[in-house]
Amino acid sequence: MKHILTCAALAAMVAAAPVETEAAPNGYRTEPMNSTDFEVIPRARQDVDGYWCAAADFARRKLGAGWQQRIYVLRGYGPSVTTGRRTAVQFSIKPPTGGVPQQPSVVVSGFQPGYSMSVQGANARCNVRPFFN
């Protein structure tokens, strides 16, 4: 009986613990803003592919997005609203209000609001090695 009470108490403490920050496999950090929007915050790397990779990881694992679900840029580089860090990019799995802007037919190299990529396409950027001079 004592063992059951100990396990129940431990389970209650774990359930009451605050949600910790999510760390993407590539060293980026992700923070939810609400049920569809989230921020990707760099730690050391700051390449475009790393942001998309972290966004795909968070959308898939935490938001339950399918591989064909699109990830939209809400806001490009700017201060984090969830952590106060200097640089973050905001993403959403919900299309922006007012429609999706025309995207370039070439590879997206920045973060313009409304640009999007499928979870699968963003996940493919996880294996791209950053090029440093």
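Everything discussed here concerns the structure shown above.
Rules behind the numbers
- Residues numbered from 1 in each chain as written.
- Predicted model: local features only at pLDDT ≥ 70, side-chain atom pairs only at ≥ 80, totals over all residues.
- Heavy atoms only, no water.
- Helix = DSSP H or I, 4+ residues; strand = E, 2+ residues; numbered from the N terminus.
- Buried < 20%, exposed > 50% of the residue type's maximum accessible area, 1.4 Å probe, protein only.
- Phe/Tyr/Trp six-rings, centres within 6.5 Å; stacked < 30°, edge-to-face > 60°.
- Disulfide = S-S within 2.5 Å.
- Polar contact = N/O pair within 3.5 Å; in protein donor to acceptor, adjacent residues only side chain to side chain.
- Salt bridge = Lys/Arg side-chain N within 4 Å of Asp/Glu carboxyl O.

J.: Describe the overall build of the protein chain, with residues and values.
T.: Counting its regular elements, the protein chain contains 3 helices and 6 strands. Counting from the amino terminus, the protein chain carries its helices and strands in the arrangement α-β-β-β-α-β-β-β-α. Per-residue burial for the protein chain yields a buried fraction of 38% across its 133 residues.

J.: Which residues make up the packing of aromatic side chains, and what values do they have?
T.: Taken as a whole and judged by the stated rule, the model has 9 aromatic pairs. Every member of this aromatic cluster is reached through a ring pair, and the members are Y28, F38, Y51, W52, F58, Y77, F91 and F111.

J.: Explain the state of the cysteines residue by residue, including any values.
T.: Working definition: the covalent bond between the sulfur atoms of two cysteines is a disulfide. For the structure shown, the criterion picks out 1 disulfide. At a sulfur-sulfur separation of 2.0 Å, the disulfide partner of C53 is C126. Judged by the sign of its S-S torsion, about 105°, the bond between C53 and C126 is right-handed. Residue C53 is located in helix α2 (residues 48-61), and its partner C126 is located in the segment after α3 (119-124); the two are separated by 73 residues in the primary sequence. Residue classification places C126 among the partly exposed residues on the basis of a relative accessible area of 28%.

J.: Account for the environment of R75, naming residues and giving values.
T.: Turning to its location among the elements, R75 is positioned in strand β4 (residues 70-78). Judged by relative accessible area, which is 22%, R75 ranks as partly exposed. Distance from R75 to Q112, taken between C-alpha atoms, is 7.0 Å for residues 37 residues apart in sequence. Of the polar contacts made by the side chain of R75, one reaches the backbone oxygen of G78; its length is 3.1 Å.

J.: Any details on the pattern of salt bridges? Residues and values, ideally.
T.: Inspection of the entire model under this criterion finds 3 salt bridges. Here E31 makes a salt bridge to R29, at a shortest N to O gap of 3.4 Å. Residues E31 and R29 agree in their burial class; the two are buried. R61 is the partner of D57 in a salt bridge, and the nearest nitrogen-oxygen pair spans 3.1 Å. Of this pair, D57 and R61 both sit in helix α2, 4 residues apart, roughly one helical turn. By relative accessible area, R61 is classed as partly exposed at 47%.

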